[in-house]
Amino acid sequence: MRRTERYPVEGPNSLWQVYRTIPFWRAFRNTLVVVIGRYIPFPSWKNWLFRQVLGMEIGKHSAMAFMVVPDILYPERIRIGSNTIIGYNTTILAHEYLIHEYRLGDVVIGSNVMIGANSTILPGVTIGDGAVVSAASLVHRDVPPGAFVGGNPAQIIRKSVQE
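Calculation notes
Residues numbered from 1 in each chain as written. Predicted model: local features only at pLDDT ≥ 70, side-chain atom pairs only at ≥ 80, totals over all residues. Heavy atoms only, no water. Helix = DSSP H or I, 4+ residues; strand = E, 2+ residues; numbered from the N terminus. Buried < 20%, exposed > 50% of the residue type's maximum accessible area, 1.4 Å probe, protein only. Areas by Shrake-Rupley, 256 points an atom, 1.4 Å probe, with all protein chains shown as cover. Phe/Tyr/Trp six-rings, centres within 6.5 Å; stacked < 30°, edge-to-face > 60°. Core = buried A, V, L, I, M, F, W, Y, C linked by side-chain atoms within 4.5 Å. Contact = heavy atoms within 4.5 Å. Pairing = 2+ DSSP bridges. Axes fitted to C-alpha atoms, helices over the stretch in contact; angles between N-to-C directions. Patch = residues over 30% accessible without salt bridge, like charges linked within 9 Å, V, L, I, M, F, W, Y side chains within 5 Å. Salt bridge = Lys/Arg side-chain N within 4 Å of Asp/Glu carboxyl O.

Turning next to the overall build of the protein chain. For the protein chain, the count of helices and strands is three helices and 17 strands. Within the protein chain, the proportion of its 163 residues that are buried is 47%. Carbon and sulfur atoms provide 60% of the accessible area of the protein chain, an area that totals close to 8,500 Å².

Evaluated as defined, the whole model comprises nine aromatic pairs. Centre to centre, the rings of Tyr39 and Phe66 are 5.6 Å apart; their planes meet at 75°, and the pair counts as edge-to-face. Linking Tyr39 in helix α2 (residues 24–39) with Phe66 in the loop between β3 (63–64) and β4 (69–70), this pair joins segments that are 27 residues apart in sequence. Judged by relative accessible area, Tyr39 falls into the partly exposed class, the value being 48%. For Phe66, a relative accessible area of 42% puts it in the partly exposed group. A network of ring pairs unites the aromatic residues Tyr19, Phe24, Trp25 and Phe28 as a single cluster.

Counting residues in hydrophobic clusters, the biggest one holds 29 residues, and the most contacted among them are Ile109 and Ile127. Those elements giving two or more residues to this core turn out to be α2, α3 (43–54), β5 (78–80) and β10 (107–109). The element best represented in this core is α3, accounting for three residues. Discounting chain neighbours no more than four positions away, the residues touching Ile127 are Val108, Ile109, Gly110, Val113, Ile115, Ile121, Val133, Val139 and Val143. Core analysis: the second largest hydrophobic core is formed by 10 residues, Val9, Val18, Ala27 and Tyr74 among them.

Turning to the sheet that holds strand β2 (residues 57–58), a few remarks are in order. Spatially, the four strands line up as an open sheet ordered β2-β5-β10-β13, and their pairing is parallel. Every interior strand has two partners, whereas the edge strands, β2 and β13 (126–127), have only one. Pairing geometry for β10 and β13, over two bridges, is parallel. In the strand pairing of β13, Val108 is matched with Thr126.

Let's shift gears to the pairing of strand β9 (residues 101–104). Put simply, side chains in a regular strand alternate between the two faces of the sheet. In this sheet, β9 lies alongside strand β1 (residues 5–8) in antiparallel orientation, the contact comprising four bridges. If you follow Tyr7 over to β9, its bridge partner there is Tyr102. By the bridge criterion, three bridges tie strand β8 (residues 95–97) to β9 in an arrangement that is antiparallel. Looking at β9, one finds that Tyr97 is bridged to Tyr102. Counting the residues that bridge the hairpin from β8 to β9 gives three residues.

Sheet strands pair via backbone hydrogen bonds, and the direction of the pair is either parallel or antiparallel. Taken in spatial order, the three strands line up as β1-β9-β8 in an open sheet, and their pairing is antiparallel. Strand pairing shows two members of the sheet lacking a second neighbour, β1 and β8, which therefore form its edges. Between one strand and the next, the sheet's axes are offset by a mean angle of 15°, whatever the strand orientation.

With that settled, the discussion passes to a nonpolar patch on the surface. A grouping of Tyr19, Phe24, Trp25, Phe28, Leu32 and Ile36 is seen on the molecular surface, where their side chains present a nonpolar patch of about 680 Å² in accessible area. The element that contributes the greatest number of residues to the nonpolar patch is α2, accounting for five residues. Tracing the backbone shows Tyr19 in helix α1 (residues 18–21).

Relative to the assigned elements, Tyr74 resides in the loop between β4 and β5. Taking the C-alpha atoms as reference points, Tyr74 and Asp106, separated by 32 residues in sequence, lie 9.1 Å from one another. Apart from the residues within four sequence positions on either side, Tyr74 is in contact with Thr21, Ile22, Arg26, Ala94, His95, Tyr97, Tyr102 and Leu104.

Shape descriptors only; they carry no functional weight alone.
Have a look at this one:
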(Lines give C-alpha, C1' and ligand atoms only; values in the text may rest on other atoms or scores of the structure.)
Protein backbone atom coordinates (compact mmCIF):
# COMPACT_ATOMS: atom_id res chain seq x y z
CA MET A 1 0.00 0.00 0.00
CA ARG A 2 1.25 3.49 -0.83
CA ARG A 3 1.65 6.03 1.94
CA THR A 4 -0.40 9.06 0.93
CA GLU A 5 -2.28 11.76 2.77
CA ARG A 6 -5.87 12.17 1.56
CA TYR A 7 -7.61 15.54 1.30
CA PRO A 8 -11.32 15.50 0.39
CA VAL A 9 -12.75 18.33 -1.72
CA GLU A 10 -16.28 19.57 -2.21
CA GLY A 11 -17.67 20.87 -5.47
CA PRO A 12 -15.91 20.32 -8.79
CA ASN A 13 -13.13 17.76 -9.14
CA SER A 14 -9.92 18.39 -7.22
CA LEU A 15 -7.84 19.38 -10.26
CA TRP A 16 -10.34 22.13 -11.03
CA GLN A 17 -9.50 23.46 -7.54
CA VAL A 18 -5.71 23.07 -7.83
CA TYR A 19 -4.93 26.70 -6.91
CA ARG A 20 -6.69 26.25 -3.58
CA THR A 21 -4.04 23.65 -2.74
CA ILE A 22 -0.93 25.35 -4.14
CA PRO A 23 -0.32 29.00 -5.03
CA PHE A 24 -0.46 29.76 -8.76
CA TRP A 25 2.95 31.46 -8.83
CA ARG A 26 4.63 28.51 -7.14
CA ALA A 27 3.12 26.14 -9.69
CA PHE A 28 4.15 28.50 -12.50
CA ARG A 29 7.76 28.76 -11.22
CA ASN A 30 8.01 24.99 -10.70
CA THR A 31 6.67 24.36 -14.20
CA LEU A 32 9.28 26.66 -15.74
CA VAL A 33 12.10 25.01 -13.77
CA VAL A 34 10.97 21.49 -14.67
CA VAL A 35 10.63 22.36 -18.36
CA ILE A 36 14.12 23.90 -18.39
CA GLY A 37 15.50 20.97 -16.39
CA ARG A 38 14.10 18.42 -18.81
CA TYR A 39 16.40 19.77 -21.53
CA ILE A 40 19.60 20.41 -19.53
CA PRO A 41 22.17 17.90 -20.82
CA PHE A 42 24.44 17.94 -17.74
CA PRO A 43 23.29 15.91 -14.71
CA SER A 44 25.21 18.13 -12.27
CA TRP A 45 23.47 21.27 -13.55
CA LYS A 46 20.05 19.59 -13.53
CA ASN A 47 20.60 18.32 -9.97
CA TRP A 48 21.72 21.77 -8.81
CA LEU A 49 18.63 23.42 -10.35
CA PHE A 50 16.21 20.86 -8.89
CA ARG A 51 17.89 21.00 -5.46
CA GLN A 52 18.18 24.77 -5.19
CA VAL A 53 14.93 25.91 -6.79
CA LEU A 54 12.55 22.98 -6.26
CA GLY A 55 13.86 21.73 -2.92
CA MET A 56 14.37 18.16 -4.09
CA GLU A 57 16.89 15.94 -2.29
CA ILE A 58 19.21 14.36 -4.86
CA GLY A 59 22.28 12.33 -3.86
CA LYS A 60 25.77 12.60 -5.29
CA HIS A 61 26.30 11.26 -8.82
CA SER A 62 22.61 10.59 -9.47
CA ALA A 63 21.50 11.28 -13.02
CA MET A 64 18.10 12.06 -14.50
CA ALA A 65 18.09 11.48 -18.23
CA PHE A 66 16.68 13.79 -20.89
CA MET A 67 12.97 14.59 -20.47
CA VAL A 68 12.53 13.21 -16.91
CA VAL A 69 9.58 14.98 -15.22
CA PRO A 70 9.67 15.36 -11.44
CA ASP A 71 6.41 16.37 -9.80
CA ILE A 72 5.57 19.97 -10.74
CA LEU A 73 3.35 20.80 -7.77
CA TYR A 74 5.22 19.09 -4.90
CA PRO A 75 8.81 18.38 -6.03
CA GLU A 76 10.12 18.86 -2.48
CA ARG A 77 8.47 15.54 -1.62
CA ILE A 78 10.92 13.63 -3.86
CA ARG A 79 14.16 12.17 -2.47
CA ILE A 80 16.70 10.41 -4.66
CA GLY A 81 19.74 8.60 -3.25
CA SER A 82 23.29 8.57 -4.61
CA ASN A 83 24.50 7.01 -7.86
CA THR A 84 20.96 6.44 -9.16
CA ILE A 85 19.90 6.62 -12.81
CA ILE A 86 16.39 7.66 -13.84
CA GLY A 87 15.72 6.88 -17.49
CA TYR A 88 14.42 8.97 -20.36
CA ASN A 89 10.92 10.42 -20.07
CA THR A 90 10.20 8.98 -16.62
CA THR A 91 7.57 10.77 -14.52
CA ILE A 92 7.85 10.95 -10.73
CA LEU A 93 4.58 12.01 -9.07
CA ALA A 94 4.15 13.17 -5.47
CA HIS A 95 0.49 14.11 -5.96
CA GLU A 96 -2.63 12.74 -7.58
CA TYR A 97 -5.77 14.78 -8.13
CA LEU A 98 -8.94 12.67 -8.20
CA ILE A 99 -12.64 13.50 -8.52
CA HIS A 100 -13.52 13.82 -4.80
CA GLU A 101 -10.06 14.18 -3.23
CA TYR A 102 -6.41 14.77 -3.84
CA ARG A 103 -3.55 12.77 -2.36
CA LEU A 104 0.03 13.65 -1.53
CA GLY A 105 2.84 11.24 -0.80
CA ASP A 106 6.61 11.29 -0.50
CA VAL A 107 8.58 9.42 -3.14
CA VAL A 108 11.84 7.91 -1.92
CA ILE A 109 14.21 6.43 -4.49
CA GLY A 110 17.23 4.76 -2.91
CA SER A 111 20.89 4.71 -3.89
CA ASN A 112 22.25 2.66 -6.80
CA VAL A 113 18.77 2.36 -8.32
CA MET A 114 18.15 2.04 -12.05
CA ILE A 115 14.78 3.19 -13.40
CA GLY A 116 14.17 2.40 -17.06
CA ALA A 117 12.84 4.84 -19.65
CA ASN A 118 9.17 5.86 -19.80
CA SER A 119 8.36 4.67 -16.29
CA THR A 120 5.89 6.32 -13.92
CA ILE A 121 6.43 6.42 -10.17
CA LEU A 122 3.25 7.12 -8.17
CA PRO A 123 3.05 9.11 -4.91
CA GLY A 124 3.86 7.42 -1.62
CA VAL A 125 6.24 4.85 -3.12
CA THR A 126 9.67 3.85 -1.83
CA ILE A 127 12.14 2.16 -4.17
CA GLY A 128 14.84 0.41 -2.14
CA ASP A 129 18.60 0.64 -2.62
CA GLY A 130 19.96 -1.35 -5.56
CA ALA A 131 16.55 -1.98 -7.14
CA VAL A 132 15.99 -2.07 -10.90
CA VAL A 133 12.74 -0.92 -12.54
CA SER A 134 12.34 -2.04 -16.15
CA ALA A 135 11.37 0.41 -18.87
CA ALA A 136 7.72 1.46 -19.23
CA SER A 137 6.79 0.34 -15.73
CA LEU A 138 4.07 1.79 -13.50
CA VAL A 139 5.46 1.68 -9.96
CA HIS A 140 2.36 1.68 -7.78
CA ARG A 141 3.78 0.11 -4.61
CA ASP A 142 7.06 -0.13 -2.75
CA VAL A 143 9.97 -1.92 -4.40
CA PRO A 144 12.20 -3.91 -2.00
CA PRO A 145 15.94 -3.25 -1.95
CA GLY A 146 17.75 -5.16 -4.70
CA ALA A 147 14.55 -6.28 -6.45
CA PHE A 148 13.98 -6.27 -10.21
CA VAL A 149 10.44 -5.12 -11.09
CA GLY A 150 8.62 -4.38 -14.29
CA GLY A 151 5.28 -4.08 -16.02
CA ASN A 152 2.04 -2.15 -15.75
CA PRO A 153 1.45 -2.39 -12.87
CA ALA A 154 5.00 -3.24 -11.81
CA GLN A 155 5.44 -6.72 -10.36
CA ILE A 156 8.49 -8.34 -8.84
CA ILE A 157 10.34 -10.31 -11.51
CA ARG A 158 13.26 -11.27 -9.27
CA LYS A 159 13.69 -10.56 -5.56
CA SER A 160 17.36 -9.83 -6.06
CA VAL A 161 19.09 -8.35 -9.07
CA GLN A 162 22.01 -10.70 -8.23
CA GLU A 163 19.93 -13.88 -8.82
